[in-house]
Number of protein chains: 2
Amino acid sequence: MSHQSMSDLIEQYLKSILNETEEEIIEIRRSEMADLFSCVPSQINYVINTRFTLAQGYTVESKRGGGGYIRIQRVELNSHDEVLSYLRKSIGDQLTYKDGVAVLQQLYNYDIISKREAELLVSIISYEAIGKQNPSEDNVRAAIIRALLDRLRYEEKR
Amino acid sequence: MSHQSMSDLIEQYLKSILNETEEEIIEIRRSEMADLFSCVPSQINYVINTRFTLAQGYTVESKRGGGGYIRIQRVELNSHDEVLSYLRKSIGDQLTYKDGVAVLQQLYNYDIISKREAELLVSIISYEAIGKQNPSEDNVRAAIIRALLDRLRYEEKR
DNA sequence: TGCTTCTTGACTATATTTGACCTTACTTAG
DNA sequence: CTAAGTAAGGTCAAATATAGTCAAGAAGCA
């Protein structure tokens with residue numbers, strides 16, 4: 001927590017102003033952000049691409065040219081079922097560790113699994129657990145997360 | 001005490017600053033440590049790998065690249081240590097679905113995991129989840145259960 | 001002496017930062 | 001109305017900043 005990169009700071013700033021809004025949506029200007037943090041504009045893209053992905057629950061739209069902007073919105077999912085089917089659709093045949101953690105984080109954010117469950121599952125999808133002797137690591141991980149999501153969906157419907 | 005290796009000194013230093021923190025968690029930069037002790041950076045990895053293992057009650061996370069760090073945290077042994085280490089020893093490289101379910105059943109019986117956690121885990125180790133496109137089904141299952149047991153053993157005391 | 005642990009450095013992997021160049025949209029002079 | 005100019009944002013790859021791995025050789029110890 002004490003060792004932060006510029007990108008971490010920008011991420012935090014954006015998330016904090018996102019939290020302050022009612023609508024969970026913000027509109028920024030890339031160049032203003034770059035000025036504010038004294039960095040090159042493309043670093044803002046970097047932050048958005050690495051920390052505000054769909055898998056992490058954000059949608060981003062932007063417009064170029066005069067009056068351009070970047071709009072970041074937290075995806076609003078209203079029921080557990082919506083969250084589960086959204087996540088289910090968002091994962092394919094392969095899933096990296098990072099994206100797997102993002103899915104679990106979302107499940108926790110939406111109160112679908114507990115903190116402890118999330119932690120246990122994170123350790124299960126880690127490289128140590130499934131990657132070590134497995135070349136198809138990302139396939140296994142995707143399968144595990146799919147099974148989890150399906151099970152959770154089944155639970156919801158009971 | 002007169003024959004302390006550099007690694008011993010680094011270990012002591014890290015443990016002393018760990019003790020000073022409330023959270024029992026520290027974040028260091030590998031290169032700073034190496035500078036502080038005038039050693040090569042990889043020696044820090046050596047110390048961590050030999051003296052801050054999970055079995056010794058520490059978890060370590062790290063990040064590379066700009067703003068990288070190494071975070072070391074002291075964790076408490078779970079009170080069910082005996083059961084967990086027994087189960088841990090009892091599983092080898094491969095584990096059938098049936099045996100996996102048996103392990104989970106035991107964990108539930110001993111009140112180490114909840115009913116729901118057991119159910120989620122059962123669906124994860126099922127053939128549908130991990131066997132479908134995986135010839136080494138039993139290996140994956142064993143790895144998953146091993147990771148689970150390790151995690152349970154060293155998670156925060158509840 | 002022979003095994004174990006430690007030290008070192010070359011090579012690898014990954015995350016971040018930076019800048020040159022590209023694309024799109026709006027504005028305005030003619 | 002259109003072309004040129006201007007004002008955004010996007011892409012990509014190189015440079016930089018970290019950390020990880022591995023194996024060879026040195027040092028310690030029984």
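Please refer to the structure higher up on the page.
This report concerns the structure included in the present document. Values in this document were obtained by computation on a predicted structure and should not be read as measured data. (Residues numbered from 1 in each chain as written. Chains lettered and ligands numbered in written order. Predicted model: local features only at pLDDT ≥ 70, side-chain atom pairs only at ≥ 80, totals over all residues. Heavy atoms only, no water.)

## Looking at helix α5 (residues 97-109) of chain A
All names here are of chain A. For clarity, the threshold we go by: Starting at the N terminus, helices and strands are each numbered in turn, a helix being any DSSP run of H or I of at least four residues and a strand any DSSP run of E of at least two. Expected helix span is taken as 1.5 Å per residue step, with the number of steps being one fewer than the number of residues. Relative accessibility decides the category of a residue: with a 1.4 Å probe and only protein chains considered, values under 20% of the type maximum give buried, values over 50% give exposed, and everything between is partly exposed. Here a residue-residue contact requires only that any non-hydrogen atoms of the pair lie within 4.5 Å.
Taking 1.5 Å of rise per residue, the 13 residues of α5 would be expected to cover 18 Å, and the 18 Å separating its terminal C-alpha atoms lies within 8% of that figure. Residues G100, A102, V103, L104, Q106 and L107 constitute the buried set of α5. Turning to α5, the residues buried within the fold contact β3 (69-74), α4 (80-90), α6 (115-124) and α8 (137-157). Looking one or two places after α5, you find D111, whose phi comes out positive at around 65 degrees.

## Structural notes on the sheet that holds strand β3 (residues 69-74) of chain B
Hydrogen bonds between backbone atoms are what pair the strands of a sheet, whose relative direction is either parallel or antiparallel. Residue and element names in this part refer to chain B. The following threshold applies: Only strands that DSSP links by at least two bridges are regarded as paired with each other. Axes here mean lines fitted to C-alpha atoms, for a helix over just the part in contact, with angles spanning 0 to 180 degrees between N-to-C directions.
If you trace the three strands from one edge of the open sheet to the other, you get β1-β3-β2, paired in antiparallel fashion. Both edges of this open sheet fall to β1 (25-28) and β2 (58-63), since each of them pairs with a single strand only. Looking at each pair of strands side by side, their axes are set apart by 15 degrees on average, direction ignored. With six bridges joining them, β2 and β3 adopt antiparallel strand pairing. Across the sheet, Y58 pairs through a bridge with R74, a residue of β3.

## Looking at the pattern of salt bridges
Filter applied, for reference: Salt bridges are counted wherever a side-chain nitrogen of Lys or Arg sits within 4 Å of a carboxyl oxygen of Asp or Glu.
Applying the stated criterion across every chain, the model contains 25 salt bridges over all chains. Where R151 of chain A meets E119 of chain B, a salt bridge forms, and the shortest distance between an N and an O atom there is 3.1 Å. Taken together, the positions of R151 of chain A in helix α8 and E119 of chain B in helix α6 (residues 115-124) put the pair across two chains. What makes R151 of chain A buried here is its relative accessible area of 17%.

## Comments concerning the side chain of E24 of chain A
Residue and element names in this part refer to chain A. Rules: Only four residue types enter the charge count, namely Lys and Arg as positive and Asp and Glu as negative; His and the chain termini do not.
Looking at the element boundaries, E24 is found in the loop between α1 (6-20) and β1 (25-28). No salt bridge is formed by the buried E24; the nearest opposite charge belongs to R74, separated by 5.0 Å. Beyond its immediate stretch of four places on either side in the chain, E24 contacts L18, N19, I72, Q73, R74 and E76.

## Re the interface of chain B and chain A
Often the size quoted for an interface is simply the accessible area lost on bringing the parts together. The test is simple: Buried area: the accessible area, evaluated with a 1.4 Å probe, that two parts lose upon being put together, summed over both parts. Each polar contact in these results corresponds to two N or O atoms within 3.5 Å; when the atoms are within protein, one needs to be able to donate a hydrogen and the other to accept it, and residues that are neighboring in sequence are counted only if both atoms are side-chain atoms.
Counting residues at the interface gives 34 residues for chain B and 32 residues for chain A. For the pair chain B and chain A, the two sides together bury roughly 2600 Å², of which 53% comes from carbon and sulfur. Where chain B meets chain A, there are six salt bridges. Linking E117 of chain A and R116 of chain B is a salt bridge whose minimum nitrogen-to-oxygen distance equals 2.7 Å. Viewed at the interface, chain A and chain B are joined by eight residue pairs in polar contact (both at pLDDT 80 or more).

## A short note on the nonpolar core
Heads up, the rule is: We call a set of buried Ala, Val, Leu, Ile, Met, Phe, Trp, Tyr and Cys residues a nonpolar core when their side-chain atoms join them within 4.5 Å.
If you look at the biggest cluster of nonpolar residues, it comprises 54 residues, and the most contacted ones within it are L107 and I144 of chain A together with L107, I144, I145 and L148 of chain B. Those residues in contact with I145 of chain B that sit more than four places away from it in its chain are I91, L95, V103, L104 and I125 of chain B. Core analysis: the second largest hydrophobic core is formed by 17 residues, I26, Y58, I70 and I72 of chain B among them.

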